[in-house]
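What follows is each chain in one-letter form.
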Amino acid sequence: MSINIKASYDDFRELRENNSYYIDKTDILEEYLLRNFDKAVLFARPRRFGKTLTMTMFRDFLDIRQDSQNIFQGLKVMNNNELIDEYMNRYPVVFISLKAVFGDSFESVYQSLCIVVSKLCEENKFLVEEENKNISEVSRQLFKKLWAQEAKQTNTEQSLDLISQMLKQYYGKPVFVIIDEYDVPMAKALGTPAYEKVRDMIEHMLSYVCKTNANVKAVMLSGCLYTVKNSSYTGVNNIIPYTVLSSSFASGIGFTDMDVKKVLNDAELTDEFDLVSEWYDGYIFGRVKMYCPWDVLLYVKSVLNDDYSKANGPESYWLNTSETSLNIIRGFLGKTANVNEMFEQLLAGNTIECTVKDSLPYHKIHENGDNIWSALLETGYLTKAVTEKMQRMPLRIPNKEVKVAFRQEVWEFFRDKIDNIYVRDLVDSLWNGENKKAEADLNQILEATLSFYHEYHEYSYHLILDGFFTGFGYRVQSERESGFGRSDLFILDPFRMRGMILELKHAKTESELEAAIREGMLQIAKKHYESILRYEGYNTYLKYSIAFYDKNCIIERLT
């Protein structure tokens, strides 16, 4: 079966009108509108899980100015006559995305908000161009100022409330206000002098429509974090959040097991399910196992388009799609010994236990370790390891793709701290079999980056080397089973069919370095780690034992 995958579409009408492949997620319309309705709700999910597509689907289903029968034809929602009769194209809708509201100063952030509000006015210009005795002249004049980007800041903050009021007066029906990516302005301003002003501006704007308001039927927000709880603006505190911890709407945004099996079946790729699960599965939202749709669709598209490389394996499509999330990781690398140790545990495939907060302002993310882990959970770098809520929540890295993201960030962190030539020399020396030159290079790097760890552990060095090789584009496999055991690191160069085995040892004292290096060499020899490389057709492979103590190392090559 030929399927037309266009994963870049995040507008529901555009996706449907262009015949793009779509997994039916219209159940969420019924779940919210008929079974779980609240006046103000937030759907909080990591990036690339389909938040914007969901918000535009709500817009297109509800909007009184649309006729949406054609774009919903054939989908589950069309079987629910009660929902169609009560809601389909029955209400005025204000839809706004704050994705583009950012800048290098508060003034530029505010100006970008003015542009977004002006475009919203353009979409609703009939409110001032047509005669309607219910709309006052005062409202018309203020609308025109917003449209012309000439209004005061206080009026701009009140713009959604004003437009909602005018739409209610025009149609005689309350308005659905849909705000997509509501937290982007705050996330982008994190760590800058503009943050407090930006947060205050957005919270004030939300408060006008989220508080008790006869003009508004409901307010729906999407974002990554529930970052406005306990705001000084009382209206904002009315928002009901549905986060990755919530059971309600858990499967409404993202792909379930059944969704992924349907995609693969429709693409005639059913044999790829285990590989897709290994790379892109692993999230638990509420009590449901979930996948990131962006990854699954791009993987399938790459196979169908013959762009997929079996030698290179699946790609990390999710990596580098959000500067905000990456900054969260960079903000905690090297923070404290405890944070580093827990990070090492995660990369080793273990779980960590944390007190999770599902309402966390951006400016408090880096205050302590628990806040950091909570932020990484909400943004998709971690997932809970259980289906039930617990006081102390076990967290883990969800899948291989996210491990790649972590490794890449370690590389970026080090690249900012040391001269890149040191790392290139180290990598080249190891591939060339020059263990003493590699030893000198690695000792220089450890000297330059000692402050990264307050206390070294074996996995600290594991993480450093993993990040270096990942940064240069090599496939890195951690603790992969081979021969009669598991080696610390396999470094693979599929295009040249060469591989490298690194067995790492951590000595408790400097005098124990020699014993540690011999232990590593003996382990490689006895356990025949190279057998998997021979089996997979690698014609060249190098084997190294590396022993560390503090900022010192010894490297020996096995021939």
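Scroll up a little and you will see the structure.
Below is a short write-up of the structure. (Residues numbered from 1 in each chain as written. Predicted model: local features only at pLDDT ≥ 70, side-chain atom pairs only at ≥ 80, totals over all residues. Heavy atoms only, no water.)

**Focus: the overall build of the chain**
Consideration 1: Counting secondary structure elements, the chain contains 24 helices and 17 strands.
Consideration 2: A compact globule built from 559 residues would reach a C-alpha radius of gyration of about 24 Å, and the chain, at 27 Å, matches this within 12%.
Consideration 3: For the C-alpha atoms alone, the extent of the chain along its principal axes is close to 90 × 55 × 40 Å.
Consideration 4: Looking at the chain residue by residue over its 559 residues, the buried ones come to 58%.
Consideration 5: Considering only contacts in the chain between residues 6 or more positions apart, those separated by 24 or more positions represent 71%.
Consideration 6: As displayed, the chain offers around 23,200 Å² of accessible surface, 45% of which is attributable to carbon and sulfur atoms. (Helix = DSSP H or I, 4+ residues; strand = E, 2+ residues; numbered from the N terminus. Rg over C-alpha atoms; globule rule 2.2 N^0.38 Å. Buried < 20%, exposed > 50% of the residue type's maximum accessible area, 1.4 Å probe, protein only. Contact = heavy atoms within 4.5 Å. Areas by Shrake-Rupley, 256 points an atom, 1.4 Å probe, with all protein chains shown as cover.)

**Here's the deal with the packing of aromatic side chains**
Consideration 1: Considering all chains together, one arrives at 29 aromatic pairs under this definition.
Consideration 2: With 5.2 Å between their ring centres and 90 degrees between their planes, Phe-49 and Tyr-283 make a pair best called edge-to-face. Of the two residues, Phe-49 sits in the loop between β1 (40–44) and α3 (51–62) while Tyr-283 sits in strand β6 (residues 283–285), which places them 234 residues apart along the sequence.
Consideration 3: A ring pair is formed by Phe-61 and Phe-72, whose centres lie 5.4 Å apart and whose planes are at 75 degrees; its orientation type is edge-to-face. Taken together, the residues Phe-61 in helix α3 and Phe-72 in helix α4 (residues 69–72) connect sequence positions 11 residues apart. (Phe/Tyr/Trp six-rings, centres within 6.5 Å; stacked < 30°, edge-to-face > 60°.)

**Some thoughts on empty space enclosed by the protein**
Consideration 1: As enumerated under the stated definition, the model contains 1 cavity of 30 Å³ or more in all.
Consideration 2: Here the largest cavity is characterised by a volume of approximately 30 Å³.
Consideration 3: What lines the largest cavity is simply Tyr-110, Cys-114, Val-117, Lys-145, Leu-146, Gln-149, Glu-150, Ala-151 and Thr-156.
Consideration 4: In terms of residue count, the dominant contributor to the lining of the largest cavity is helix α6 (residues 106–123) (3 residues). (1 Å grid on protein atoms, 1.4 Å probe; cavity = no way out; pocket = protein on both sides within 12 Å on 5 of 7 lines; lining within 4 Å. Points joined across faces, edges and corners; volume = space filled by probe spheres on them.)

**Observations concerning the state of the cysteines**
Consideration 1: One pass over the full model with this rule turns up 0 disulfides.
Consideration 2: Sulfur of Cys-121: no disulfide; nearest cysteine sulfur belongs to Cys-114 and is 10 Å away.
Consideration 3: In this structure Cys-121 comes out as buried when scored by relative accessible area, which is 0%. (Disulfide = S-S within 2.5 Å.)

**Overview of the pattern of salt bridges**
Consideration 1: With the rule as written, the count across this model stands at 24 salt bridges.
Consideration 2: Between Lys-99 and Asp-10 there is a salt bridge, with its nearest N and O atoms 3.4 Å apart. Of this pair, Lys-99 sits in the loop between β2 (93–97) and α6 while Asp-10 sits in the segment before α1 (12–17), and the two are 89 residues apart along the sequence.
Consideration 3: Residue classification places Lys-99 among the partly exposed positions, given a relative accessible area of 37%.
Consideration 4: For Asp-10, a relative accessible area of 33% gives the class partly exposed.
Consideration 5: Between Arg-424 and Asp-428 there is a salt bridge, and its shortest N-O distance comes to 3.5 Å. A residue pair is termed a helical-turn pair when its members lie 3 or 4 positions apart in one helix, as Arg-424 and Asp-428 do in helix α20 (residues 420–431) at 4 residues.
Consideration 6: When salt bridges that share partners are traced, they join Asp-11, Arg-59 and Asp-60 into one network. (Salt bridge = Lys/Arg side-chain N within 4 Å of Asp/Glu carboxyl O.)

**Some points on the nonpolar core**
Consideration 1: By size, the foremost hydrophobic cluster in this structure holds 87 residues, and its most contacted members are Phe-58, Phe-61, Phe-72 and Trp-373.
Consideration 2: Sequence-distant contacts of Phe-61, defined by excluding residues within four places in its chain, comprise Leu-29, Leu-33, Ser-68, Phe-72, Val-77, Leu-83, Ile-84, Tyr-87, Met-88 and Asn-89.
Consideration 3: The next biggest cluster of nonpolar side chains, apart from the first, holds 58 residues, and it includes Ile-135, Val-175, Val-198 and Leu-206. (Core = buried A, V, L, I, M, F, W, Y, C linked by side-chain atoms within 4.5 Å.)

**A few points about the sheet that holds strand β9 (residues 383–384)**
Consideration 1: As summarised here, the arrangement of the 3 strands in space is β8-β10-β9, forming an open sheet in which the pairing is antiparallel. The two strands at the open ends of the sheet, each matched to only one other strand, are β8 (352–354) and β9.
Consideration 2: Summarising the sheet, β9 and strand β10 (residues 393–396) pair through 2 bridges and their orientation is antiparallel. Residue pairing for β10: Lys-384 is matched across the bridge by Leu-395. (Pairing = 2+ DSSP bridges.)

**Observations concerning the pairing of β10**
Consideration 1: One ladder, built from 3 bridges, connects β8 with β10; its direction is antiparallel. When the sheet's bridge partners are listed, Cys-354 is paired in β10 with Met-393.

**Some points on the layout of surface pockets**
Consideration 1: Its boundaries defined by the atoms lining it, the second largest pocket holds a volume of some 800 Å³.
Consideration 2: Lining the second largest pocket we find 29 residues, and of these Trp-279, Lys-400, Val-404, Arg-407 and Val-476 sit closest to its centre.
Consideration 3: Put simply, the parts of the chain that give the lining of the second largest pocket at least two residues each are α14 (273–280), α19 (400–417) and β11 (475–478).
Consideration 4: Among the elements that line the lining of the second largest pocket, the one with the most residues is α19, at 5 residues.
Consideration 5: Among the residues forming the lining of the second largest pocket, the class breakdown is 12 nonpolar, 9 polar and 8 charged. (Nonpolar A, V, L, I, M, F, W, Y, C, P; charged D, E, K, R; others polar.)

**Side note on helix α10 (residues 159–171)**
Residues spaced three or four apart along an α-helix face the same direction, because each turn holds 3.6 residues.
Consideration 1: In this model, α10 (13 residues) spans 18 Å end to end at C-alpha, consistent with the 18 Å of a helix rising 1.5 Å per residue.
Consideration 2: Buried residues of α10: Ser-159, Leu-160, Asp-161, Leu-162, Ile-163, Ser-164, Met-166 and Leu-167, and no others. (Expected span 1.5 Å × (residues − 1).)

**Some words on the sheet that holds strand β17 (residues 552–558)**
Consideration 1: With respect to topology, 5 strands assemble into an open sheet ordered β11-β14-β15-β16-β17, the strand pairing being mixed. Two strands lie at the open edges of the sheet, namely β11 and β17, each paired on one side alone. Strand-to-strand twist in this sheet, taken as the mean axis angle between neighbours without regard to direction, amounts to 20 degrees.
Consideration 2: Pairing of strand β14 (residues 489–493) with strand β15 (residues 498–506), which is carried by 5 bridges, proceeds in the antiparallel orientation. In the strand pairing of β15, Ile-491 is matched with Met-500.
Consideration 3: Strands β15, β16 (540–549) and β17 of the sheet are contacted by helix α23 (residues 513–527), whose axis makes an angle of about 150 degrees with β16. (Axes fitted to C-alpha atoms, helices over the stretch in contact; angles between N-to-C directions.)

**A closer look at unusual backbone geometry**
Consideration 1: Its identity as a non-glycine residue notwithstanding, Met-497 has a phi of 50 degrees, on the positive side.
Consideration 2: With respect to the secondary-structure elements, Met-497 resides in the loop between β14 and β15.
Consideration 3: A positive phi is found at Asp-550, a non-glycine position, where the angle reads about 55 degrees.
Consideration 4: Checked against the element boundaries, Asp-550 lands in the loop between β16 and β17.

**Some remarks on the environment of Val-219**
Consideration 1: Within the secondary structure, Val-219 sits in strand β4 (residues 216–223).
Consideration 2: On the basis of relative accessible area, Val-219 is assigned to the buried category, the value being 1%.
Consideration 3: The contacts of Val-219, once residues within four sequence positions are left out, are Lys-39, Ala-40, Val-41, Val-177, Ile-179, Val-209 and Cys-210.

By themselves these figures say nothing about function.
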